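Observations on chain architecture
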Amino acid sequence: MHDQPDQLEPETLQREISDLEGRIGELRQAAGVPQPDLRATLDAALVELELALTVLRSAGTEHTGEQGGAAAAENERRVLRTVFQDAPVPLFLLDRNTTVRRVNRQAAALLGTPAGYVSGKQFTAFCDMATRAAVRSQIAAVVRTGRRHPVKVRFLGRDHPIDATVTLARVWIRGEPDPMVVAAAGPANAPAGDTDPSPGQAKPRRSAAGRAAPAPSPAGAARTASARGASGRTAAAQAVSAQGASARTTSAQTVSTGTAPAPDVPAREEPAHARSTHATQPDDEAIATIVHRMDVLATASELLLDEPVFNETVAIRRCARLLAAELADWAFIDLTGGNGGPGSPPQGGAHSAGAPPALRRQVVMGPEDERSVEAARMLEEVEPVQGTLPHTVFVTRQSALRPHLENLDVLGVCPDGQPLCGKIGVTSVLSVPIEDGDHAIGTITLAASGEYGPFDLMDLGVVQRLGRYLALVIRAARLYRRRAEVADTLQAGLLPKALPAIPGVSVAAKYLTATHGSEVGGDFYDVFRTENGWGLILGDVCGKGEDAAAVTAAARHCARLAARWKADPGDVLGIVNEALMDEDRFVTAVMAGLTVETERVIVSLGTAGHPPALVVRADGVIRSASRGGVPLGLFEDFEAGQDTIELGVGDTLILHSDGVLEACNMLRQEFGQERLLEALAGHAGDTPAGMLDAVEEALLHYCDSDLRDDVSMLALRVEPASLD
């Protein structure tokens, strides 16, 4: 080993300067991470200043470091080999770029991973985010000066962070062009207030790295009470109500039965270290871990399906909130737009024709402290562009697990140029595609600080299943939304775009679609010219859907056409009955023929099995027209029920469908005609539109906005004669 400073050649000097610039940038980033270790960062900055001074003094001189004889080199190798095999302390052999070249068994056990997994990765990937830059600088100083140096390190163990004092020493190895570093890890006093369990125990992963969780609901506590382990520790399991409010349920989280694999380790292969862990891990701990994952899946299923109508936005927010509480510190959900065909989300992956659709960030869920909430708003604007892990997972449709993060750019870069992972202090990441088996429509990405151990294969499996659940809900939501849009478009074509202006009267209409279902309704209304006046018709076709829409269109347009040469509403309805005889659906309808005179209107009514028309007099008195007739399209010998009414100034004629009368409350009691008459009488002096608004308000209040059928209403009022 050589402790004297070596001299620098020009190309070596340039490399030293470049490395120094990179480490200074990392120190700046480390000062801005959540809960930074400012003392360690300051010490590292001072070391960098000393290193810069040494480099300047060595500039332009020749390299004079001796390599030693072959015998000395071989002796050095034997010493190192003996140390790595028999030393009772954790040892890491690093190159000057902090890449781990070799670890002994004690070091692998310290991290809770196989030795082969550690080799080849950056040593700082296993360190707490707050001290990474400082550790890198201290290693660089030891390489450059040869002086041994102790440094405080918080290793990211498999179950929880482990505080240690690492002594760094430079070594020269024959055949290696650059010096290397031996890092020996020794125990350190636990920080004040640190309650991390011993290495043989697991610290539960809970919401947002230690956020206090509210008391669980009785239902949630009962559902997950069996998940408690022998240690008595529990984790908060989040449950969200149908309105989106969160509650917590209890369950245990302990050591995972799998280990943190390298990204290319197949999920079906289990490292030998994990198998040896199984032999020593208490059965109740392992069972509690599995029960916790099962509880997360069960809770997710309940949250995603607890919605009368599938809602994509509600589903993804509930899923992200649950994952951020139970499995990670941060949860990101990215989706493509729903611009495919009905029920067919846009395709992702190599099987897609042409370029895959762009991902868009939909939800970011993280800790609830003020700093994190502000960061979440900023992260929502960072799109998963090409080259980021979510984009790669979406395109390839292959899940990715990064237990110990080396590249902090893996989730993208913030607007200020800082890596996203460094901004929020995460050290472990996993990402899975949201796919329904045929199409990929987005990704779920989880990020954690390592406070409760890195992600493992069991975490990956749980999130993969949730990705499929969420994909199925989103597909159903998009199919429902697409069908609802088609139904709305078709329904709009069955109703008049605007009501015509009739001299001497004012007319208003109201149409309400049923709360549930996406099929086009069977209600229709129309106002049109007749042979010698005006006509109003309102009807209801039996059933819903495309077939009912065809009958609706036939009934409406047939009545409009027949009224051109038939003045009597009964005759018009008779012609409509003939036209519908070949249809396998019947129609109820009421038609009013208007003869408009000065300050009065003569109304001829024809009824075909429909609720009778109502007349609201100017003084508030309400009368009902006569009933009668049979529905259209049933019998060839059709005869309509007929009546004649005279309306004066201020009198209002009301036509309505049976959806008004049959709306039910929670006790399955119908709204009925009496409540309709009360609503109209209370607003008799209002405008026709105001009267219909009052009926709508009373109706929705009565049934708690849960309409089981479509509702249509027409109102016509006689107005005073104009001075013009």
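Residues numbered from 1 in each chain as written. Predicted model: local features only at pLDDT ≥ 70, side-chain atom pairs only at ≥ 80, totals over all residues. Heavy atoms only, no water.

Right, let's talk about the packing of aromatic side chains for a bit. For the coordinates displayed, the defined rule picks out five aromatic pairs. Look at Phe92 and Phe123: their rings are 5.1 Å apart centre to centre, the planes differ by 70 degrees, and that puts the pair in the edge-to-face class. Of the two residues, Phe92 is situated in strand β1 (residues 91-94) and Phe123 in the loop between α5 (115-118) and α6 (132-145); the sequence distance between them amounts to 31 residues. The burial state of Phe92 is the same as that of Phe123; both residues are buried. Here the aromatic rings of Phe671 and Tyr702 are separated by 5.6 Å at their centres, their planes lie at 70 degrees, and the arrangement is edge-to-face. Remark: Tyr702 occurs in helix α19 (residues 688-702) and Phe671 occurs in the loop between α17 (658-661) and α18 (672-681); sequence separation between them is 31 residues. The exposure class of Tyr702 is buried, given its relative accessible area of 16%. Three or more aromatic residues joined by ring pairs form one cluster here, namely Phe92, Phe123 and Phe155. (Phe/Tyr/Trp six-rings, centres within 6.5 Å; stacked < 30°, edge-to-face > 60°. Helix = DSSP H or I, 4+ residues; strand = E, 2+ residues; numbered from the N terminus. Buried < 20%, exposed > 50% of the residue type's maximum accessible area, 1.4 Å probe, protein only.)

Here we come to a nonpolar patch on the surface. A contiguous nonpolar patch, built from Phe586, Leu634 and Phe635 and spanning about 260 Å² of accessible area, is present on the exposed surface. Structurally, the position occupied by Phe635 is in the loop between β19 (622-624) and β20 (641-648). Among the residues examined, Phe635 registers a relative accessible area of 45% and is labelled partly exposed. (Patch = residues over 30% accessible without salt bridge, like charges linked within 9 Å, V, L, I, M, F, W, Y side chains within 5 Å. Areas by Shrake-Rupley, 256 points an atom, 1.4 Å probe, with all protein chains shown as cover. Salt bridge = Lys/Arg side-chain N within 4 Å of Asp/Glu carboxyl O.)

Attention now moves to the sheet that holds β20. Strand order in the open sheet formed by five strands is β14-β15-β16-β17-β20, with antiparallel pairing between adjacent strands. The sheet terminates laterally at β14 (523-529) and β20, the two strands that pair on one side only. Each strand of the sheet is rotated relative to its neighbour by a mean of 15 degrees, with strand direction disregarded. (Pairing = 2+ DSSP bridges. Axes fitted to C-alpha atoms, helices over the stretch in contact; angles between N-to-C directions.)

Here α18 crosses α19 at 135 degrees, and the two axes come no closer than 9 Å. Relative to α19, the element α18 lies oblique. Where α18 crosses over α19, the two elements pack in a sense that is right-handed. Together, Arg675, Leu676, Ala679 and Leu680 of α18 and Met691, Ala694, Val695, Ala698 and Tyr702 of α19 make up the contact between the two elements. In the contact of α18 with α19, the residues fall into eight nonpolar, no polar and one charged. (Parallel < 35°, antiparallel > 145°, perpendicular 65-115°, else oblique. Left-handed = near helix turned anticlockwise from the far one by under 90°. Contact = heavy atoms within 4.5 Å. Nonpolar A, V, L, I, M, F, W, Y, C, P; charged D, E, K, R; others polar.)

Here helix α11 (residues 370-379) has its buried residues at Ser372, Ala375, Ala376 and Leu379. Down the axis of α11, the buried side of the element spans an arc of 105 degrees, and every buried residue falls inside it. Turned more than 90 degrees off the buried face of α11, the exposed positions are Glu370, Glu374 and Arg377. Summarising the contacts, the buried residues of α11 are in contact with β8 (330-335), β9 (360-365) and α13 (420-424). (Arc of directions from axis to C-beta.)

Bringing the side chain of Ser431 into the picture now. Mapped onto the fold, Ser431 is located in strand β11 (residues 428-435). The buried category is assigned to Ser431, whose relative accessible area is 0%. Once you skip the residues sitting within four places of it in the chain, Ser431 turns out to touch Leu389, Pro390, Val393, Ser399, Ala400, Thr443, Ile444 and Thr445.

Let us look at unusual backbone geometry. As a rule of thumb, non-glycine residues mostly have phi less than zero, and peptide bonds are mostly trans rather than cis. Of note in this structure, Thr98 is not a glycine but carries a positive phi near 70 degrees. With respect to the helices, strands and loops of the structure, Thr98 is situated in the loop between β1 and β2 (100-103). Accessibility expressed as a relative area gives 2% for Thr98, which makes it buried. You will see that Ser705, though not glycine, has its phi angle at about 60 degrees, which is positive. In this fold, Ser705 is placed in the loop between α19 and β22 (711-718). Note on Ser705: relative accessible area 45%, which makes it partly exposed.

Right, let's talk about the pairing of β11 for a bit. Among the eight residues of β11, seven are classified as buried, and the element is accordingly described as predominantly covered. Note that strand β10 (residues 400-402) and β11 share three bridges and pair antiparallel. Among the inter-strand pairings, Arg402 is bridged to a residue of β11, identified as Val429. Note that β11 and strand β12 (residues 440-448) share eight bridges and pair antiparallel. Bridging across to β12, Val432 finds its partner in Ile444. Hairpin connection from β11 to β12: four residues lie between these consecutive antiparallel strands, with Gly437 at a positive phi of about 105 degrees.

What follows covers the pattern of salt bridges. Inspection of the entire model under this criterion finds 14 salt bridges. Connected via shared salt-bridge partners are Arg154, Asp163 and Glu451.

Considering every residue of the chain, the mean pLDDT works out to 75; 70% of them sit at 70 or more. Overall, residues 190-281 carries pLDDT values under 50, and its contacts beyond four positions in sequence, including any with other chains, amount to 217 contacts. (pLDDT = per-residue confidence, 0-100.)

Right, let's get into the state of the cysteines. According to the stated counting rule, one finds zero disulfides in the structure shown. Between Cys421, a free cysteine, and Cys414, which holds the nearest cysteine sulfur, the sulfur-to-sulfur gap is 9.1 Å. Of the residues examined, Cys421 reaches a relative accessible area of 0% and is grouped as buried. (Disulfide = S-S within 2.5 Å.)

As a further point, take the side chain of Gln138. Within the secondary structure layout, Gln138 lies in helix α6. Relative accessible area serves as the criterion here: at 5%, Gln138 is assigned to the buried category. Reaching out from Gln138, the side chain makes a polar contact with the side chain of His149 at a distance of 3.2 Å. (Polar contact = N/O pair within 3.5 Å; in protein donor to acceptor, adjacent residues only side chain to side chain.)

Attention now moves to the sheet that holds β11. Taken together, five strands build an open sheet; the order of strands is β9-β8-β12-β11-β10 and the sheet is antiparallel. Of all strands in the sheet, those with a lone pairing partner are β9 and β10, marking the two edges. Along the sheet, successive strands turn relative to each other by an average axial angle of 15 degrees, direction set aside. Direction of pairing for β8 relative to β9: antiparallel, over a ladder of five bridges. Bridge assignment links Leu335 to a residue of β9, and that residue is Arg360.

With 15 residues, α19 should reach 21 Å at 1.5 Å per residue; the first-to-last C-alpha distance of 21 Å fits that figure. Along α19, the residues that are buried comprise Pro688, Gly690, Met691, Leu692, Ala694, Val695, Glu696, Leu699 and Tyr702. Residue Asp704 follows α19 closely and has a positive phi angle near 55 degrees. (Expected span 1.5 Å × (residues − 1).)

Side chains Leu91 and Leu93 project from β1 onto one buried face, and the interleaved Phe92 and Leu94 project onto a second face that is buried too. The pairing of β1 with strand β5 (residues 180-187) spans four bridges and is classified as antiparallel. Each bridged residue has a counterpart across the sheet, and for Leu91 the counterpart in β5 is Ala184. Both β1 and β2 contribute to a ladder of three bridges, which runs antiparallel.

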